[in-house]
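Observations on the three-dimensional arrangement
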Amino acid sequence: MNQIYREIIEDSPMGYMYIKVINDNKGRYTGVEVRDFNKSYEKFFGNHDENTINKYILNCMPRQEKLEWEKIFIEANESEKYTKKVYVEKINTHFSIDIYRVEDYEFHIIFNKIRNKYLKLPSLLKKSSYMTWIKDRDGVYVDVNEKFLEFFSKTYNEVIGKTDYDIMPKNFAKEFTIQDNDIIKNNKLNTYEDFINSNFNKIGYFQTIKWPFTEYYNDTILGTIGISIEMTNKVKLFKNIEKNEKIFLEIANNIEDSIIIIDKEKTQYISPSFEKYLELN
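Attention in this report is confined to the structure presented alongside it. (Residues numbered from 1 in each chain as written. Predicted model: local features only at pLDDT ≥ 70, side-chain atom pairs only at ≥ 80, totals over all residues. Heavy atoms only, no water.)

1. What about the overall build of the protein chain?
Across its full length, the protein chain carries 11 helices and 12 strands. The buried share of the protein chain, taken over its 281 residues, is 40%. Partitioning the intrachain contacts of the protein chain with sequence separation of at least 6 by distance along the chain shows that 42% fall at a separation of at least 24. (Helix = DSSP H or I, 4+ residues; strand = E, 2+ residues; numbered from the N terminus. Buried < 20%, exposed > 50% of the residue type's maximum accessible area, 1.4 Å probe, protein only. Contact = heavy atoms within 4.5 Å.)

2. Here we look at empty space enclosed by the protein
Evaluated as defined, the whole model comprises 2 cavities of 30 Å³ or more. Roughly 400 Å³ of internal volume is contained in the largest cavity. As for the largest cavity, its lining consists of 19 residues, of which Tyr41, Phe45, Ile53, Tyr56 and Met61 are closest to the centre. The set of elements that each furnish at least two residues to the lining of the largest cavity consists of strand E1 (15–23), strand E2 (29–37), helix H2 (39–45), helix H3 (50–59), helix H4 (63–76) and strand E5 (106–113). Residue contributions to the lining of the largest cavity peak at 4 residues, all from H3. (1 Å grid on protein atoms, 1.4 Å probe; cavity = no way out; pocket = protein on both sides within 12 Å on 5 of 7 lines; lining within 4 Å. Points joined across faces, edges and corners; volume = space filled by probe spheres on them.)

3. A closer look at the side chain of asparagine 38
Of note, asparagine 38 is situated in the loop between E2 and H2. Side-chain polar atoms of asparagine 38 contact the backbone oxygen of isoleucine 9, separated by 2.9 Å. With residues up to four places along the chain from it excluded, the contact list for asparagine 38 reads Arg6, Ile9, Glu10, Ser12, Met14, Gly15 and Tyr16. (Polar contact = N/O pair within 3.5 Å; in protein donor to acceptor, adjacent residues only side chain to side chain.)

4. Thoughts on unusual backbone geometry
Among all residues except glycine, the phi angle is most often negative; among peptide bonds, the trans geometry is most common. If you check the backbone angles, serine 153 has positive phi at about 55° while not being a glycine. One can find serine 153 in the loop between helix H6 (146–152) and helix H7 (156–159). A positive phi angle, near 50°, is found at asparagine 187, a position not held by glycine. Positionally, asparagine 187 belongs in the loop between helix H9 (170–186) and strand E8 (190–197).

5. Things to note about the pairing of strand E7 (residues 141–144)
Bridge analysis of strand E6 (residues 131–136) against E7 gives 3 bridges, and the strand direction is antiparallel. Looking at the pairing, lysine 135 lines up with tyrosine 141 of E7. The turn linking E6 back onto E7 is made up of 4 residues, and glycine 139 within it adopts a positive phi angle of 80°. (Pairing = 2+ DSSP bridges.)

6. Points about the sheet that holds E8
Read from one edge to the other, the open sheet built from 5 strands follows the order E7-E6-E10-E9-E8, with strand pairing classed as antiparallel. A single partner strand is all that each edge strand has here, and the edge strands are E7 and E8. Within the sheet, the average angular offset between the axes of one strand and its neighbour, ignoring direction, is 30°. Across 8 bridges, the pairing between E8 and strand E9 (residues 203–214) is antiparallel. (Axes fitted to C-alpha atoms, helices over the stretch in contact; angles between N-to-C directions.)

7. Notes on the pairing of E9
Taken together, the 9 bridges between E9 and strand E10 (residues 221–230) define a ladder with antiparallel strand orientation. Residue glutamine 207 lies in a different strand from E10, and its bridge partner there is isoleucine 229.

8. A few points about H4
When the terminal C-alpha atoms of H4 are compared, their 20 Å separation across 14 residues agrees well with the 20 Å that a helix rising 1.5 Å per residue should span. Buried within H4 we find Glu65, Glu68, Trp69, Glu70, Ile72, Phe73 and Ala76. In this structure, the buried residues of H4 make contact with E1, E2, H3, strand E3 (81–88), strand E4 (93–103) and E5. (Expected span 1.5 Å × (residues − 1).)

Laid out in structure tokens, this is it:
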């Protein structure tokens, strides 16, 4: 029976790895002991040599990615099974991973490759002057454009694989998560007008359009896609007009000169002094 299981794992299209995570005396992720792997893992990552892997982790792995894996292993160590979507920068690939805890920081890991071609923004949106993005069904960002990165002052790798809770204040993230879930549940397009906070003392007012992001061949809902058009300057203009209107009325209502404002269709304003003049005559 063990031989049958071994053959199933070995020939599986999903990557498989059995590891023991190595942490330093401060609990920081520093490497792995590789105890087993299959052909697909080797095909995905190209190398299974323990020394090479650990050398990469210690010297080459981006700090943000290393911290993300450290967090994943801490959370996985607290449950029998842990599922997470991750982006592996080194091979530019998204995976859905299932981690099964064996003992303390000892795991079986299954890597299920997500087809990237279905999780990319169309080139027109990628180059758009408006913020655009794609999230999966769990609210995890799988692609964004440069305008998005510019507003949030983030790099691509700091956003991909993260949720709204990782890149903006909790109250904003909660509201956007509710919106996304509603779109997926009801399979419909919605338009919103929201303030968006970048978490770096930068806030803007946006009109946002969101709709279900579906697989090309069978309309399976993979997540949500969104476009945000900044309206901050328009809101400021309205506020200035409102403020100036109050100032104008305060002046016009308290001077002796008569003021009448007329457009093509009707009289828009008559000052109190002109009304008094009509009463006297």
